Amino acid sequence: MRFSIAGQKLGGPSGITTLMADLGQALTTNPGMRMLGGGNPAHIPAMMEIWRQQMGVLLADGGAYDRMLANYDGPQGSPAFLAALAGFLQRQCGWDVTPENLAVTPGGQSAFFYLFNLLAGPHADGTHRKILLPLIPEYIGYENQGIGPDWFVACPPLMERTGEHRFKYRVDFPAVAAALQRENIAAICVSRPTNPTGNVLTDEEISQLSDLAVAHGIPLLIDNAYGLPFPGAIFVPAQPHWDAGTILTLSLSKLGLPGTRTGIVVGPPEIIRAISAMTSVVGLANTNLGQALSRPLLETDALARLSQETIRPFYEERSRQAQVWFDAAVAGRFPYAIHESEGAFFLWLWFPELPISSQELYEKLKARQVLVVPGESFFFGLPPHSPDWPHRRQCLRVTFCQDPQIVRQGLEIIAEGVAGL
Ligand SMILES: Cc1ncc(COP(=O)(O)O)c(C=O)c1O
């Protein structure tokens, strides 16, 4: 069979397919594997209980349950859900959002597939426009989403030491400004908090990116899969950002509902109409279970409270604990630094003197029953002839969402593995 260029890109090997295959395989065929790889949220007991209760409420209202299962939603999403979410965002964030600014998608992942292909790529005027990632490493799931070659331009960050074994990436604004001058850019895109690093771009960085986007007449895409007002996996003070020039995505996944595949785009009506049209073309309608389960919690603002009082403290404590375990496990045996863990579900470990690539380290750790994600996969969009940057091969992403004992063992095995190289 001969696949098209787009077919090869979407249907061939990629970082995200390896990640998801590893995740699925470990969960089904290799229960002994310590899963520090994938992006599954933790099974927070209080949240699991909330969703079980909401399912009970839905089942008890037989009419609502039947309508949910037996009807297609409109492609923009259920009108009742969109109204509830608009009210929630107005109250919680003070944004001037109406249902015209909201579209549901099958997960945040699909939202980005739609947005990237809507905005970037070949245009009718003969130009080829790209997505600018102002700070890599960036989310592995974006890499293969453009239907065609050459979809991304990325800027390496500035790196700041924040402690003996801690560091933080910062946006290199002169590099971003130069990329905006040099390339034909369709949109600027960031995840905040960032997967894989746990970085939270500061309010000042976001405001500068927003100004640059406005000055160039392009949107700023903010992937808010972990942020505010939900799920709230963010451990430093930071303001959620949305305005007329911003396209923000939200997801129900990290609230504990990845199985419902529910993402949300918050953007100008022109974008929302296009996203709804794409949903019709690609999949007719969205899944509606996540919308039905979460709507009552949006209407009462309970989702904001749960994010602040249950989800944030849970992940913050997991992060703190994982850092303590890793610092203790290394015990000064080799140079390392952990990215400041400001949000999301991961520690981003940097080994400045790693004698092998992080891809090779990943293979060695997998053989010892620890699954991580090699850092290489998150550095994409660099120009082909850009100078070598060894940092790209020196990092690992590990999740702290799994059972604490598994995380502890996994971190100890990683430390042993690196010490033994
Ligand atoms: C930064 C980021 N964006 C988007 C997604 C997609 O999530 P979903 O499609 O489950 O909403 C993820 C999942 O891990 C993520 O980490």
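Residues numbered from 1 in each chain as written. Predicted model: local features only at pLDDT ≥ 70, side-chain atom pairs only at ≥ 80, totals over all residues.

Remarks on the environment of Tyr114
As for its position among the elements, Tyr114 is in helix H6 (residues 107-119). Residues Tyr114 and Trp95 lie 19 residues apart in sequence; the distance between their C-alpha atoms is 24 Å. With residues up to four places along the chain from it excluded, the contact list for Tyr114 reads Thr105, Ile275 and Met278. (Helix = DSSP H or I, 4+ residues; strand = E, 2+ residues; numbered from the N terminus. Contact = placed C-beta atoms within 7 Å.)

Some words on helix H5 (residues 79-93)
In a regular helix each residue adds 1.5 Å, so 15 residues correspond to 21 Å; H5 covers 21 Å between its end C-alpha atoms and thus fits that length. Those residues of H5 that fall on the buried side of the exposure criterion are Phe81, Leu82, Ala84, Leu85, Ala86, Phe88 and Leu89. Tucked into the core, H5 has its buried residues touching strand S2 (102-105), strand S11 (263-266) and helix H10 (289-299). Taken from the residues just after H5, Gly94 is the one with a positive phi, measuring 75 degrees. (Expected span 1.5 Å × (residues − 1). Buried ≥ 20, exposed ≤ 12 C-beta atoms within 10 Å, placed from the backbone.)

A look at the site of the ligand
Close to the ligand lie 14 residues, the nearest being Gly107, Gly108, Gln109, Ser251 and Ser253. Tallied by class, residues from the shell around the ligand come to three nonpolar, 10 polar and one charged. (Near = placed C-beta within 6 Å. Nonpolar A, V, L, I, M, F, W, Y, C, P; charged D, E, K, R; others polar.)

Concerning the domain arrangement of the chain
Many analyses report the size of an interface as the accessible area lost when the parts associate. Partitioning the chain into domains gives domain 1 (5-47 + 306-419) and domain 2 (53-303). Taken over C-alpha atoms, the centre of domain 1 sits 23 Å from the centre of domain 2. Contact residues are listed per partner, giving 46 residues for domain 1 and 45 residues for domain 2. At the level of elements, helix H1 (5-11), helix H2 (15-28), helix H11 (302-330), strand S12 (337-339) and strand S13 (346-350) are the ones that each hand at least two residues to the side of domain 1 that touches domain 2. (Domains from an automatic or database assignment.)

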